[in-house]
Amino acid sequence: MPASHDKACELLVHNARIHPCVTDGKIASETNFTVRGGRIAAIGVDDAVPAHERFDAKGALLLPGFVDCHTHLCYAGNRMDEHAARLEGASYAGIAKRGGGIHSTVAAVAAASEDELIAESLPRLEALVAEGATTVEIKSGYGLTPENELKQLRAIRRLGELSPARIVPTFLALHALPANADRKRYVKTVIEETLPAVVEEKLADCVDVFCEHMAFTVEEMRAVFERARELGLACRAHSDQLSNLGGTRAAAGLSARSCDHLEYSQDADVQALADTGAVAVLLPGAFYFLREKQLPPIDALRKAGVPIAIASDLNPGTSPIASPLAVLHLASTLFRLTPEEALLGLTRHGAAALALEEKVGGLAVGRRADFTLWDIPGPEFFCYQLGGIQPHAVYIEGKAYVADKFSPRHSRVGGNPV
Ligand code: NIG
Ligand code: FE
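Residues numbered from 1 in each chain as written. Chains lettered and ligands numbered in written order. Predicted model: local features only at pLDDT ≥ 70, side-chain atom pairs only at ≥ 80, totals over all residues. Heavy atoms only, no water.

## A closer look at the sheet that holds strand 9 (residues 166–174)
The criterion, for reference: Here a strand pair is declared whenever DSSP counts at least two bridges between the two strands. A helix here means a DSSP run of H or I that spans at least four residues, while a strand means a run of E at least two residues long, and both kinds are numbered starting from the N terminus. Here, axes are lines fitted to C-alpha atoms. For helices the fit covers the stretch in contact, and angles between N-to-C directions go from 0 to 180 degrees. Every residue pair with non-hydrogen atoms within 4.5 Å of one another is taken to be in contact.
Read from one edge to the other, the open sheet built from eight strands follows the order 7-8-9-10-11-12-13-14, with strand pairing classed as parallel. The open sheet has two edge strands with one neighbour each: strand 7 (66–68) and strand 14 (308–310). Here the average twist between neighbouring strands, direction ignored, is 25°. Taken together, the three bridges between strand 12 (residues 258–261) and strand 13 (residues 279–282) define a ladder with parallel strand orientation. Its bridge partner lying in strand 13, S258 is registered against V279. Of the strands in this sheet, strand 9 and strand 10 (206–211) are in contact with helix 6 (residues 183–200), which crosses strand 9 at around 155°. Of the strands in this sheet, strand 9, strand 10 and strand 11 (234–239) touch helix 7 (residues 218–230), which is tilted by about 175° from strand 10.

## Some words on the site of ligand 1
Stated formally: Distances are taken per atom, and a residue is near a molecule or strand as soon as one of its heavy atoms is within 4 Å of it. Under this definition, polar contacts are N or O atom pairs within 3.5 Å; protein pairs additionally need one hydrogen-donor-capable and one acceptor-capable atom, and for neighbouring residues in sequence, both atoms have to be side-chain atoms. We get accessible surface area from the Shrake-Rupley algorithm with a probe of 1.4 Å; when it comes to residues, only the shown protein chains can shield them. Buried and open spaces are told apart on a 1 Å grid over the protein atoms alone, a cavity being a set of points where a 1.4 Å probe fits but cannot get out and a pocket being an open set with protein on both sides within 12 Å along at least five of seven lines. Residues with an atom within 4 Å of a point are the lining residues. By definition, a pocket or cavity contains a molecule when more than half of the molecule's atoms lie within 2 Å of the pocket's grid points.
Ligand 1 sits among 15 residues. The nearest are R79, Y92, Y142, Q241 and T318. Here an oxygen atom of ligand 1 and a side-chain polar atom of Y142 are 2.6 Å apart. Between ligand 1 and the protein, one listed contact pairs a nitrogen atom with a side-chain N or O atom of H175 at 2.9 Å. Here ligand 1 loses 100% of its free accessible area of 330 Å² to cover by the protein chains. When atoms are counted within 2 Å of each cavity's grid points, the one that captures over half of ligand 1 is the largest cavity.

## Things to note about the packing of helix 5 (residues 146–162) against helix 6
Just so we agree on the cut-off: Working rule for angles: under 35 degrees goes down as roughly parallel, over 145 as roughly antiparallel, 65 to 115 as roughly perpendicular, anything else as oblique. By the definition used in this description, the sense in which the near helix is turned from the far one sets the handedness, with an anticlockwise turn below a right angle giving left-handed and a clockwise turn giving right-handed. Basically, the charged four are Asp, Glu, Lys and Arg, the nonpolar ten are Ala, Val, Leu, Ile, Met, Phe, Trp, Tyr, Cys and Pro, and anything else, Gly included, counts as polar.
It is at 10 Å that the axes of helix 5 and helix 6 come closest, and there the two elements cross at 30°. Here helix 6 runs roughly parallel to helix 5, going by the angle between their axes. For the pair helix 5 and helix 6, the crossing hand works out as right-handed. Note on element contacts: helix 6 touches helix 5 through T189, E193, T194, A197 and V198, opposite P146, E149, L150 and L153. A class-by-class count of the residues in the contact of helix 5 with helix 6 yields five nonpolar, two polar and two charged.

Set out below in structure tokens:
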């Protein structure tokens, strides 16, 4: 009998400690909820409600699955040599100028088959899920040619088929100018060839642009965004990471869903985000790994009421950090986000950056039953201890995927291992 005609729900979760900040303030002290059709059906139900499966959380902390709204995890190779060079004094921009940086990963992606890309990227995605990520955005941007961008986006689509997590693909249309390419001709190819091909194959519903002195100008970003919008795609920008070109203001003015990085953003940029409702996505992993000094204008974002998301930015050059828990920790220690801000950044506001706030990123009736269970005192603990924390279970659409084999209390948890 289909679940919707069945009196019993698929799953009853009871005895959970649900943190109120992830429930949109609607439930402060409920411990039980039911799942039907992979969605949260009712919150605050009786323990005796008929259910096909019952899960006694035994007082564990229950949180919505994390939403990692900004990653570049689909790539080949690594850039350990550049990290070593930076520790000797080289700069990120300087390495890029000498043909390394993004171009080095572009060469590795060009040399990899779609299958090889998947084989290298899947463990990174699994690492995110094992720490509680249930929605993960993945960008292209290491292909640069139409052929290789499509290869990367097809690999991202297949990663979504292989993982229980929801994968949100983004076409990173302007990331780096290929060596010896003519700027104008390159941007024209992206707009006239790659973008329509991505839309034709339905490989992404959002475009991104790296707006930076070492990458692309505001005008080039504008041209791509305008065409993308005509084709029905949403827009996001990497802006103000290393300098301020006015990219955040311009992207917000073009209805970008989010502007990401923002280390060099000024008051006018914060105001533009506030005025348009765009999400500020902060990436403490890149800030940490590049040993940056310039902090994003966090207080101004707070005061202006801009929703602040945080994400891993998982990529081989600036943030080889496959750990949502490290992101929570770094957001707290480096950006001084409160534990609640950090948690909302990786749940509700991460979902908003992907326009998925009605579906994921919180515990509410009708949302996807994506949740995680933790044997810790509260979410503050993520900002305090680094390492040694694992979820007991990661539930995606009401099904358990990661079980703590060492803990007898959750030995009933079934489902496919990720
Ligand atoms: O988000 N800033 C541009 N893109 C990535 C880095 C890409 C790379 O270095 O491979 C980022 O930091
Ligand atoms: Fe990025």
